[in-house]
Structure formats: structure tokens, C-alpha cells
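Observations on the model geometry
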Amino acid sequence: MTQQRSARFAFVRASWHADIVDRAYDGFTEVIDAAQVDSFAVPGAFELPLMAQRLAKTGRYDAVICAAFVVDGGIYRHDFVAQTVVDGLMRVGLDCDLPVLSVSLTPHHYQETDHHNAIYRDHFVTKGREAAQAALGMTETLKAFSLKENAPEISKISAA
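In this report, the structure presented in the accompanying data block is examined.

Conventions used here
Residues numbered from 1 in each chain as written. Predicted model: local features only at pLDDT ≥ 70, side-chain atom pairs only at ≥ 80, totals over all residues. Heavy atoms only, no water. Helix = DSSP H or I, 4+ residues; strand = E, 2+ residues; numbered from the N terminus. Buried < 20%, exposed > 50% of the residue type's maximum accessible area, 1.4 Å probe, protein only. Contact = heavy atoms within 4.5 Å. Polar contact = N/O pair within 3.5 Å; in protein donor to acceptor, adjacent residues only side chain to side chain. Pairing = 2+ DSSP bridges. Axes fitted to C-alpha atoms, helices over the stretch in contact; angles between N-to-C directions.

If you tally the helices and strands in the chain, you get five helices and four strands. Within the chain, buried positions represent 40% of all 160 residues. Considering only contacts in the chain between residues 6 or more positions apart, those separated by 24 or more positions represent 76%.

What follows is the structure, given as C-alpha cells:
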């Protein structure tokens, strides 16, 4: 008899605006037990895809979740960074055949005030919960595709 292992998740956080970004981890671990999650920090959002790729290639994780807060500093760079990060994370997921989920937010209007910080801290908790639900959903769906006994059901889905 084989023992079924619990799903494992890697959660990668950008250190820039950590007081806000880390709230996504808090929300994530409200849904998924922290004992199933390995947490990693990188300097900023731009470094997320490389770390996600390294973690995905280990084969240890069922999903990699990446969180960052890319703010508009008054120049176009934030749009470039945000798009590059999301594109990179998508590529890692497709190349490694593993869910790589993004909790990378780019607000149009952010000022470093107590009011805005509170709003985005709360929002990151919500987004962390949503990422956990997505990770669980994808893990279960992909597991169904890997079980031979589910082949008839998968055939029905693909024929639809």
C-alpha cells in the first residue's frame, strides 16, 4: 500500500514593500496549512520568474506561488516590470508543466500613506486566499489527469 503525500507549495515573495506583500502569505496560509508551504524571499518582482523556475525544476512542489507589489513611480518602468514578471511566470509554468500562480499586483494609484498601505495589506490577504484556492483547484485537477483510472472521464472532457 502506498502512502499518499500531502501537496507541497512554494511561496515566493518579493522583499520590496514586504510589509504589504507578506500579507499574501498570511492569506495563503489561512487556507493551506503552513506546514505544507516553503517560503522564499527574493529582492524584487523582477527576480520572481527565475526563483519560480528553480523551484519548479526541483520536482518537490505541486505549485509555486509568487507575490509582488509593483508600484507606479511616475515612469513607465512599472508597466514593463509587471508585464515581464507575469509573462515570465506563465512561461515557467508552461515550460515546467506546473501551476505557477501570481499574486503580483500593480495599482494605478498608490501613495505610501497609512490609508493606502492598509488598503493594499488587506487586499493582499484576500489575494493570498484566492491563490490558495487556485493552487488547490489546479492540484486536484492535474492529479485527476495523472490517474489512469480517470482516463474515461478525461476522454469525455476532451471530446466536449
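In this section: the side chain of D62. In this structure, D62 sits in the loop between α2 (48-57) and β3 (63-69). Of the polar contacts made by the side chain of D62, one reaches the backbone nitrogen of R8; its length is 2.7 Å.

Looking now at the sheet that holds strand β1 (residues 9-14). Whenever strands of a sheet pair, they do so through backbone hydrogen bonds, lying parallel or antiparallel. Pairing is parallel in the open sheet, where four strands are placed in the order β2-β1-β3-β4. Pairing within the sheet leaves two strands with one partner each, and these edge strands are β2 (37-42) and β4 (100-105). On average, each strand axis in the sheet is tilted by 15° relative to the strand beside it, whichever way the strands run. Packed onto the sheet, α2 meets β1, β2, β3 and β4 and runs at close to 165° relative to β3. Across the sheet, helix α3 (residues 77-96) is in contact with β3 and β4; its angle to β4 comes to roughly 170°.

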